[in-house]
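A look at the structure
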Amino acid sequence: MRDKFLSDTGIAATGNFGAWVMQPIGDTLFIGAGNSPGNENGAAMLSSADGATIASGRVLDEQGVHAARAQGSDLWVCGSDPTDDWTLGNIYHRDAVGTWTKLRTLPLTIHALGCWHDGAALWVCGGMHTGDNATWKGRVLKSINSGATWSTVDVNNYRLYDVIGFDGKLYAVGYDFAGVYSQDLHVSVDGVTWPKVAGVSPAIKPRLVLHSGTLIGASADLAGLFVVAAGGTVTQHATPFALANQWNVLESDGTYLYALDDTGVIQRTSDFVTWEVYTRVAGAISIKWWPVHGLMIGDMGTAARVWLA
C-alpha cells in the first residue's frame, strides 16, 4: 500500500500513514490511504477486488482522507483539508462506471468533514468560514444536482464533524464555540433547522454508524456509546474500554457492533452490555465490515497494511 501511494501521489508515507477510511461497494473495497488527516499532505483512493492486490484510483488534493460514503454504486469522498486555497472546498465522486470527478464547489469550505446521500440530495457538513478565512462556521450544505451547486445553513460557530440520515431525519455531530467549546448532537427533519438533542455529548472524530435499526455514536469521553432508536429515544451505555480517538472506529455487520479500542483491540457486542474480544491489531486506526469477506482493519505506520479478521 505504501509503494502504491508513493507512486500515485509522489508523497512518501510518514509514521502517520494508513488506511484511514474504507468503503466496500459490491466486490470492491475502496481504501482511503494517506498521512495524518488535516495535518500532513498526501491522500489517495486505492481499491482492491480480492483483498490482496491494490489498484490505483484517484489522487486527492488534500491533507489526508478520513470520510467516504457509498450511495448505491457511487462513492463520495470528503475533502479533508484541501491543498487548494479556502475559497472553495472539495468533494470527490466516483460514478458507477468508475469515473472519478473532483468537485471543487463547496462554498467557503476549509474541511468537508462528513457527507451523506439520501437518494434525493447530497449533504456535506464541515468547517467553513464567512469569507474572511478567519470567522468560522459549522455548516450543512445541500445539493440536489450532484454537487454542482449548494444551499447552505449555519448550524454553529465552529465545525460539524459528521452527518447521517436515520429514521427520516438527519443527525449531525457539532463542535461549537460560544465562549466555551461544546460537543453536540443535532437533529433535523428538514435540513434547515438543527436543534440539539438534549443530554447527548458526542465524540468529535468517530463516525456515526447505523446498526440494526438504530443510530450509534461514541460519547465525548470515549468511554461509552449513545444509541438513538427509531422515534428518537436515546440510551447511553458505558463501555469496559476506551474507544480509539480516530475517525472510523465503530462498525456494524447487522448483528454485531464492532468497536476499536485505544489499545488496538476490536471488541464486539450484540446487546451493548456484554462485550467480547474479536481480535487485535497493533496500531489499528480504522475498521470496516466487507460483506462476504469479513472485518477489515487498517493500521498505521510507514509499513501500514489492511488486515482481514
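Up top is the structure.
We now turn to the structure provided with this report.

Reading guide: rules and limits
Residues numbered from 1 in each chain as written. Predicted model: local features only at pLDDT ≥ 70, side-chain atom pairs only at ≥ 80, totals over all residues. Heavy atoms only, no water. Buried < 20%, exposed > 50% of the residue type's maximum accessible area, 1.4 Å probe, protein only. Helix = DSSP H or I, 4+ residues; strand = E, 2+ residues; numbered from the N terminus. Pairing = 2+ DSSP bridges. Axes fitted to C-alpha atoms, helices over the stretch in contact; angles between N-to-C directions. Salt bridge = Lys/Arg side-chain N within 4 Å of Asp/Glu carboxyl O. Contact = heavy atoms within 4.5 Å.

Side note on the pairing of strand β14 (residues 169–177)
Burial analysis of β14 places seven of its nine residues in the buried class, which makes it a mostly covered element. In terms of strand pairing, strand β13 (residues 159–166) meets β14 through seven bridges, oriented antiparallel. Bridge pairing in β14 links Ile164 to Tyr171. If you look at the hairpin formed by β13 and β14, you'll find two residues sitting between the two strands, and Asp167 has a positive phi there, around 60°. The turn linking β14 back onto strand β15 (residues 181–188) is made up of three residues, and Gly179 within it adopts a positive phi angle of 90°.

What about the sheet that holds strand β1 (residues 18–25)?
One key point about sheets: their strands pair by backbone hydrogen bonds, in either a parallel or an antiparallel sense. In space, the four strands of this open sheet follow the order β1-β2-β3-β4, with antiparallel pairing throughout. Edge positions in the sheet fall to β1 and β4 (55–59), since each has one partner strand and no second. Looking at each pair of strands side by side, their axes are set apart by 25° on average, direction ignored. By the bridge criterion, seven bridges tie β1 to strand β2 (residues 28–34) in an arrangement that is antiparallel. Note that in β2 the partner of Met22 across the bridge is Ile31.

A few points about the pattern of salt bridges
Scanning the entire structure with this criterion turns up twelve salt bridges. Between Asp3 and Arg2 there is a salt bridge whose closest N-O contact spans 3.3 Å. Classification of Asp3 as exposed rests on a relative accessible area of 53%. In this structure, the salt-bridge partner of Asp85 is Arg104, at a minimum N-O distance of 3.1 Å.

Some points on the environment of Thr130
Its location among the elements puts Thr130 in the loop between β10 (122–129) and β11 (136–143). The class for Thr130 is partly exposed, based on a relative accessible area of 39%. Sequence separation of Thr130 and Leu108 is 22 residues, and the distance between their C-alpha atoms is 6.9 Å. Not counting residues up to four positions away in its chain, the partners in contact with Thr130 are Leu108, Thr135, Lys137 and Arg139.

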